[in-house]
Amino acid sequence: MRILIVGRGVDAWMTAAVLATTARGVAEVAVTETAPPASGQLVALPALRGLHARLGLPEIGKPLLALRHGDAVEPFGDTGAPLEGLAFHHYWLRAREGAPLDAWSLAAQAAARGRFAPRSADPRSPLSTLDHGLLLDGAVYAKALRAVALKAGAVIVDGRPDADLVVDASGEAGDGPREDWSGWLPAGARLSGVDGAVATFAHDAPLKAGRRVRAVEGKTVAVGAALARLGAADGGDLHLLQTTVSRLVALLPTGPATIAEFNRLTALAVDRARDMAILRWGVLDATPPELAWKLAQFESRGRVVMYDEETWPEQAWVHAFLARGIVPRRWDPLVERMPLERTREMLGRMRTVIEKTAEEMPGV
């Protein structure tokens, strides 16, 4: 099977690196570069480090412990701990301790103190609750992915030779039918600064938000910005690229059944990432139905509805809801099995351990 990737930068070379590494012996991978890689910094979610490990990519980038949208810090890793099968934020809601939820996040407390440590594999250690994303130099990252791809057997070609599958990694919207999301996302996020291990965002980047109705048209499959534009500079765009490329390897959509499934799953994944972008900085009037249901469920009783192909974990949704001022009117009644004073004591002990651990971590 011959696969031709047409594009540039991270979109093209992540696709090439993953395909050449994981489909070796099944697919021949060629790349036609359309332009030099774009410069600038990229934010990556923690899951990207797993892909790097599978690709054998050396450690790259600067660690990030949290994102800041407006005044709210949204940390990576765990916040508190689930108890008796219930999410931690229900206990926090009931206790009404007065401190923000991120007071029970080791990542947030470490970031506030300019500290960092890698995650511990020991589940008994508070450091096991940590996780971190990455701040990457776009051009350097594209070059590193290019080296992985070429080492794994990908080749660079001129023009557009015949191929069984063409990957559009051009970053251009293309001429096919698209959904327009500019009513929900009139502007995109942009990285406005990095304070220690916290990436800060403004929400005024020019954007024509939307996605292709179908990721695969004929024998061409779109990835990255050619597939969808969310303006999710907080790692959402890069994670969508990662998951789309992983799905491309799993399905190699060249027949009617695999094309249909690829289009279905990709649409779900893009729409879920879109919903988080709307929640964080978009317009919350007349939201898409799935996000409207999520909002209603959380505001009513603190429940986070998780759909298939979610980009962000449950705790990220909790922090994002609270950051937009959406506070549940009630908590799960099952938390009342624990006496209130005992709940407050538990939260106090947990917070003390987190603060002590953060103080003892080395500086960034």
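Our subject is the structure that appears above.
Residues numbered from 1 in each chain as written. Predicted model: local features only at pLDDT ≥ 70, side-chain atom pairs only at ≥ 80, totals over all residues. Heavy atoms only, no water.

Trainee: Would you mind going over the environment of Glu 309 in detail, with residue names and values included?
Mentor: Summarising the element assignment, Glu 309 is placed in the loop between helix H8 (289-301) and helix H9 (314-323). With a relative accessible area of 33%, Glu 309 lands in the partly exposed category. Residues Glu 309 and Val 270, 39 residues apart in the sequence, show an inter-C-alpha distance of 8.5 Å. A distance of 3.3 Å separates the side chain of Glu 309 from the side chain of Arg 247, its partner in a polar contact. (Helix = DSSP H or I, 4+ residues; strand = E, 2+ residues; numbered from the N terminus. Buried < 20%, exposed > 50% of the residue type's maximum accessible area, 1.4 Å probe, protein only. Polar contact = N/O pair within 3.5 Å; in protein donor to acceptor, adjacent residues only side chain to side chain.)

Trainee: A description of unusual backbone geometry should follow, citing residues and the corresponding values.
Mentor: Residues other than glycine seldom take positive phi values, yet Leu 252 does so here, at roughly 40°. Here Leu 252 is to be found in the loop between helix H6 (236-251) and helix H7 (256-281). Here Glu 309, not a glycine, exhibits a phi torsion of approximately 65°, which is positive.

Trainee: Describe the side chain of Gln 109, with residues and values.
Mentor: Along the polypeptide, Gln 109 turns up in helix H4 (residues 106-112). On the basis of relative accessible area, Gln 109 is assigned to the buried category, the value being 11%. In terms of polar contacts, Gln 109 uses its side chain to reach the side chain of Arg 113, at 3.0 Å. With residues up to four places along the chain from it excluded, the contact list for Gln 109 reads Asp 102, Ala 103, Ile 354 and Ala 358. (Contact = heavy atoms within 4.5 Å.)

Trainee: Requested: an account of the nonpolar core, with residues and values cited.
Mentor: With 115 residues, the main nonpolar core has Ile 5, Met 14, Trp 104, Tyr 141 and Leu 145 as its most contacted residues. If one sorts the elements of this core by residue count, H7 sits on top with 10 residues. Discounting residues that sit within four places of it in the chain, Ile 5 has contacts with Ala 12, Thr 15, Ala 16, Leu 19, Val 29, Ala 30, Val 31, Thr 32, Val 167 and Ala 169. Counting 5 residues, the second-largest nonpolar core is a separate cluster that includes Leu 4, Val 6, Ala 30 and Ala 163. (Core = buried A, V, L, I, M, F, W, Y, C linked by side-chain atoms within 4.5 Å.)

Trainee: Kindly report on the pairing of strand E6 (residues 72-75), identifying the contributing residues and their values.
Mentor: Burial along E6 is two-sided: Ala 72 and Glu 74 and Val 73 and Pro 75, pointing in opposite directions, are all buried. Pairing analysis gives 4 bridges linking strand E5 (residues 66-69) to E6, with the strands arranged antiparallel. Bridged to Leu 67 within E6 is Glu 74. The hairpin turn running from E5 into E6, its antiparallel successor, is 2 residues long, and Gly 70 in that turn takes a positive phi close to 65°. (Pairing = 2+ DSSP bridges.)

Trainee: Requested: an account of the sheet that holds strand E9 (residues 165-169), with residues and values cited.
Mentor: Taken in spatial order, the 6 strands line up as E8-E2-E1-E9-E15-E14 in an open sheet, and their pairing is mixed. Each having just a single partner strand, strand E8 (155-156) and strand E14 (216-217) make up the two edges of the open sheet. By the bridge criterion, 6 bridges tie strand E1 (residues 2-7) to strand E2 (residues 28-33) in an arrangement that is parallel. From the neighbouring strand, Ile 3 faces E2, where its bridge partner is Val 29.

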